[in-house]
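Structural characterization, general
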Amino acid sequence: MDIKQLLKEKGFRFNKQFGQNFLTDNNLLADISEDAGVQGGTVLEIGAGAGTLTRALSQSADKVIAFEIDRNLEKILNITLADCPNVKVVMGDVMRYKVSEVEEMCGGPYRVVANIPYYITTPLLMQFIEQGTQVTSLTLTIQKEVAERLSASPATKDYGAITVAVDAVADVTLTRILPRELFYPQPNVDSAVVRIDINRNKYDISDHKLFRKTVKVAFAMRRKTLVNNLMVGFKMSREQAESVLTACNFAANCRGEELSTQQFVLMCNTLEQMGIQ
Ligand code: SAM
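This write-up is about the structure you can find in this document. Everything quoted here is computed from the prediction, not taken from an experiment.

Structurally, the position occupied by Thr 225 is in the loop between helix H9 (208-219) and helix H10 (226-233). A polar contact is formed between the side chain of Thr 225 and the side chain of Asn 228, at a distance of 3.1 Å. Discounting residues that sit within four places of it in the chain, Thr 225 has contacts with Asn 253, Cys 254 and Arg 255.

Written out as structure tokens, the structure reads:
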């Protein structure tokens, strides 16, 4: 099936607002499904588009639940997915659903596989990381620069709160770079595929809410030292902030961006022991 031809025939107009850049190469789509480790089981796809990735996923999964916000794509999906009985398309904005509602539709453990638009990348990822109870992995095609942030090392410019938040509960692998020419229509940036395997026992974090706050506070003002950020974020005195660093054995003038995830865990557990919230 020639997807580009079909879209033209049906008079489909791409909506930039929804980040509509479709993948059409069947070999690449099969490779992404393989990168995601889809072998049976349930897959949640966010943003079915013209159904190209959905089809590839349906060949290896037992069941695919695919969300698509753009109602103009419904008639296209009815054609492209006509011979995929294990796919259920949900026309709607995934961000309007609670993660628990989506999980109910999946009905058990599931993998997220999606080529998602830039504007929902961070909120979507954080929702599933923080609230997902049945999600085993997320394999996301995202802007290359976001993928680099997710897999960054401490003390680099790409390293940030999202790197630590994800690394704290998951293992991130950048599986492939997708040059912009592979998308239709062609976007202005390159993309990458990242596989995020949920691994909630990776670190000994007893209070995840406090952990998230600790990370947010440490990165709030990147140019400031950790002491300064702790003082502002936790409303503590300089002496108190310095005592946290001393207890953790961190340099007095260190910055949040220099800490590894393990060191963030140490700082969070120290704050907890000190009764700071
Ligand atoms: N999966 C297709 C592919 O790989 O060719 C389409 C990917 S395209 C980058 C992203 C798709 O997500 C678009 O079809 C867009 O309409 C849809 N989308 C954007 N925001 C969405 C949302 N909040 N909920 C559901 N779908 C959304």
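There is more to say after this.
This paragraph deals with the layout of surface pockets. Its boundaries defined by the atoms lining it, the largest pocket holds a volume of some 480 Å³. For the largest pocket, the lining is made up of 22 residues, of which Gly 19, Gln 20, Asn 21, Pro 187 and Val 189 are closest to its centre. For the lining of the largest pocket, the secondary-structure elements that each account for two or more residues are helix H6 (118-131) and strand S6 (135-143). For the lining of the largest pocket, a count of residues per class yields 10 nonpolar, 11 polar and 1 charged. Put simply, the second largest pocket is a space of about 280 Å³. As for the second largest pocket, its lining consists of 14 residues, of which Asn 26, Thr 52, Arg 55, Ala 56 and Gln 59 are closest to the centre.

The rules we used
- Residues numbered from 1 in each chain as written.
- Predicted model: local features only at pLDDT ≥ 70, side-chain atom pairs only at ≥ 80, totals over all residues.
- Heavy atoms only, no water.
- Helix = DSSP H or I, 4+ residues; strand = E, 2+ residues; numbered from the N terminus.
- Polar contact = N/O pair within 3.5 Å; in protein donor to acceptor, adjacent residues only side chain to side chain.
- Contact = heavy atoms within 4.5 Å.
- 1 Å grid on protein atoms, 1.4 Å probe; cavity = no way out; pocket = protein on both sides within 12 Å on 5 of 7 lines; lining within 4 Å.
- Points joined across faces, edges and corners; volume = space filled by probe spheres on them.
- Nonpolar A, V, L, I, M, F, W, Y, C, P; charged D, E, K, R; others polar.

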